[in-house]
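If you want the building blocks of each chain, they are given just below.
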Number of protein chains: 2
Amino acid sequence: MKVLLTGPTGFIGRHAVRHLLASGYDVHTVDIRPIPGNAEPSVTHHTADLLDASQIRDLIAQIRPTHLLHFAWYVTPGKFWTARENLRWLQSSLDLLDSFLDSGGQRSVIAGTCAEYDWTGCGVCVEEQTPIRPSNLYGACKASLQMLQAQLSASSGAAWGRIFHLYGPHEHPSRFVPSVIRPLLRAETAACTHGSQVRDFMHVDDVASAFVALLNSSVSGPVNIASGSPTTIAQIAEQIARLIGRPDLLSLGALPASAGDPPRLVADTRKFQGIGFTPVYTLKEGLSQTVEWWKTAPED
Amino acid sequence: MKVLLTGPTGFIGRHAVRHLLASGYDVHTVDIRPIPGNAEPSVTHHTADLLDASQIRDLIAQIRPTHLLHFAWYVTPGKFWTARENLRWLQSSLDLLDSFLDSGGQRSVIAGTCAEYDWTGCGVCVEEQTPIRPSNLYGACKASLQMLQAQLSASSGAAWGRIFHLYGPHEHPSRFVPSVIRPLLRAETAACTHGSQVRDFMHVDDVASAFVALLNSSVSGPVNIASGSPTTIAQIAEQIARLIGRPDLLSLGALPASAGDPPRLVADTRKFQGIGFTPVYTLKEGLSQTVEWWKTAPED
């Protein structure tokens, strides 16, 4: 079993390498840059530009992977929801999948998003029931790729992991969990929204492990990747504040909630439970590990 | 108002030119070949390959259309449902739309298909309610393009016409209506399936006229393009046989129905009725006109 992993330096991808090795894959990674420093010596890294169709073809011809785990995408915070780059990554992903299938690839798993779903309903997203009605270009490109993967992969295995909310080491500082942890560690006020939004948070290392379990399984089509244990944003923030010992510095309601931020956005996890995955982290343990990581993280 | 029409020699596109002129547009058409013979003199035709992004950019820069009516696609009968060419036309359509919007385009209307809908439900397709669940690559590419058009066109007008069943002059001989008309005109048996499938047929000239009405309207998002008068396939075949005077040669049940051929596939036309379109043909008149056309049509 030879797997090609895209996005090996990304938030989820960097955790996926270890789980792929543990599952016995011959692991090949691709990124536009070399992987610096302490990369796994048993992994073969390839330097290529996934936005160049000819480089994709050459890469696949050289590796001939049996499995594909595809995370790479345009993900610049604050911009990725609406950027035209989403169209380039849709096209790149189609080129990659096309080459993979042409070279005899057996099973692909691609990262999707809860933003593919209609968020105006009851808030519980069920894979084959909740309408697919993305409200931004990112969600529309991902939803398109899911439909196309399903059609292109008729004679091979294909699954699609819809990611909900996640946190953990190496998260971008502008995102929710770091936006609470970092000021509290500096003994500054952490400003939050009202915090009553219900979400489904999972530690990034469990998300990566779940994707590898999905790759190892024979489950097909879209699968929600989520804890199945909804919690409010406020509960997350309060847990972090307790772990750091500064609940006095937490300021819920100090920020306005975003327009379009649904009150409830959680995953139905019945299909997910069938892939044979066991999470490592409880929410408390995961947040504790993340707080510890941020204590020694490089400043941005 | 300057419109760019793609697919001007296609089944629907060839009828659209006249309706665009009647609506007062400065009409520009594009095809990979020159338009032979008796083209409308008031139309400006451009020869370009829409599968070449640089040719699209040059074309749009030259014309700078305010309106776009996009029919061109890969439509080879018997192949278009699953051909990889669908992916190339999805990409081409995105390139076209992107260039159109970048150059200040104000309103786009693109041809979609009833094959975007889930066909396993009750059979009545409602634009914003029936699940989008295409069962082939053609439907998946069209459904993807619709989602992406909606997101890309946030600051401009955009509508999407979901075509149901149609018939008329210049239809490919392998399709249903010609497959009944042609043998009957040769005094041969016309073999049909059981014929109890309920469909929603519209004359191709009315379909073209409806697309132009949609372009002229301010309606946005997907709109079913259909008569709203469901009929069975058998009723169509029997009407044709009566018009030709050979009901004795009609053989219903002689052919097996295709797997996946739903018993009922009809359009909810409430949204369509809001675009200000009036059909010209009744089913009987349209079939009669089509039979007359086939009497003098060139043999294939």
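The following paragraphs examine the structure supplied in this document. Fair warning: this is a prediction, and the values are worked out from it, not measured in the lab.

### Remarks on the environment of T130 of chain B
All names here are of chain B. Looking at where T130 falls in the secondary structure, it is placed in the loop between strand 6 (124-125) and helix 4 (137-152). Here the alpha-carbon distance between T130 and I236, two residues 106 residues apart in the chain, equals 26 Å. A polar atom in the side chain of T130 sits 3.5 Å from the backbone oxygen of V124. Among the polar contacts listed, one links the side chain of T130 to the backbone nitrogen of V126, at a separation of 2.8 Å.

### Things to note about the nonpolar core
Ranked by internal contacts, the top residues of the largest apolar core, which has 66 residues, are L4, W73 and L148 of chain A together with L4, W73 and L148 of chain B. Those elements that provide at least two residues to this core are helix 2 (53-63), helix 3 (85-102) and helix 4 (137-152) of chain A together with helix 2 (53-63), helix 3 (85-102) and helix 4 of chain B. Setting aside chain neighbours within four positions, we find L148 of chain A in contact with L94 of chain A together with L87, L90, L137, A140, C141 and S144 of chain B.

### Structural notes on the pattern of salt bridges
Residues and elements named next belong to chain A. One pass over the structure, following the stated rule, counts 23 salt bridges over all chains. Here R133 ties to D118 by a salt bridge, and the two come within 3.2 Å at their closest N and O atoms. Of this pair, R133 sits in the loop between strand 6 (124-125) and helix 4 while D118 sits in the loop between strand 5 (107-113) and strand 6, and the two are 15 residues apart along the sequence. With relative accessibility at 36%, the residue R133 sits in the partly exposed group. We note a salt bridge from E128 to K271, for which the minimum N-O separation is 3.3 Å.

### Points about the sheet that holds strand 3 (residues 44-47) of chain B
Residue and element names in this part refer to chain B. The seven strands lie next to each other as 3-2-1-4-5-7-12, forming an open sheet whose pairing is parallel. A strand with exactly one partner marks an edge of an open sheet, and here the two such strands are strand 3 and strand 12 (221-225). Adjacent strand axes in the sheet meet at a mean angle of 20 degrees, parallel and antiparallel pairs treated alike. Note that strand 4 (residues 67-70) and strand 5 (residues 107-113) share four bridges and pair parallel. Note that in strand 5 the partner of L68 across the bridge is S108. Helix-sheet contacts for helix 3 involve strand 1 (2-6), strand 4 and strand 5, and the interaxial angle to strand 4 is about 170 degrees. In the packing of helix 4 onto the sheet, contacts are made with strand 5, strand 7 (157-163) and strand 12, and the angle to strand 5 comes to roughly 155 degrees.

### Some remarks on the interface of chain A and chain B
The interface of chain A with chain B comprises 24 residues on the first partner and 24 residues on the second. Of the roughly 1,800 Å² buried at the junction of chain A and chain B (both faces included), carbon and sulfur atoms supply 61%. Among the residues chain A hides against chain B, the three largest losses belong to R84, M147 and Q151 of chain A. Together they make up 30% of the total. In this structure, the connection of chain A to chain B is made through three salt bridges. In this structure, the salt-bridge partner of D98 of chain A is R84 of chain B, at a minimum N-O distance of 2.1 Å. Applying the counting criterion to the chain A and chain B interface returns nine residue pairs in polar contact (both at pLDDT 80 or more). Elements with a contribution of two residues or more to the side of chain A that touches chain B: helix 3 and helix 4 of chain A. Of the residues assigned to the side of chain A that touches chain B, the class counts are 13 nonpolar, six polar and five charged.

Rules behind the numbers
- Residues numbered from 1 in each chain as written.
- Chains lettered and ligands numbered in written order.
- Predicted model: local features only at pLDDT ≥ 70, side-chain atom pairs only at ≥ 80, totals over all residues.
- Heavy atoms only, no water.
- Helix = DSSP H or I, 4+ residues; strand = E, 2+ residues; numbered from the N terminus.
- Polar contact = N/O pair within 3.5 Å; in protein donor to acceptor, adjacent residues only side chain to side chain.
- Core = buried A, V, L, I, M, F, W, Y, C linked by side-chain atoms within 4.5 Å.
- Buried < 20%, exposed > 50% of the residue type's maximum accessible area, 1.4 Å probe, protein only.
- Contact = heavy atoms within 4.5 Å.
- Salt bridge = Lys/Arg side-chain N within 4 Å of Asp/Glu carboxyl O.
- Pairing = 2+ DSSP bridges.
- Axes fitted to C-alpha atoms, helices over the stretch in contact; angles between N-to-C directions.
- Buried area = accessible area lost by both parts, 1.4 Å probe.
- Nonpolar A, V, L, I, M, F, W, Y, C, P; charged D, E, K, R; others polar.

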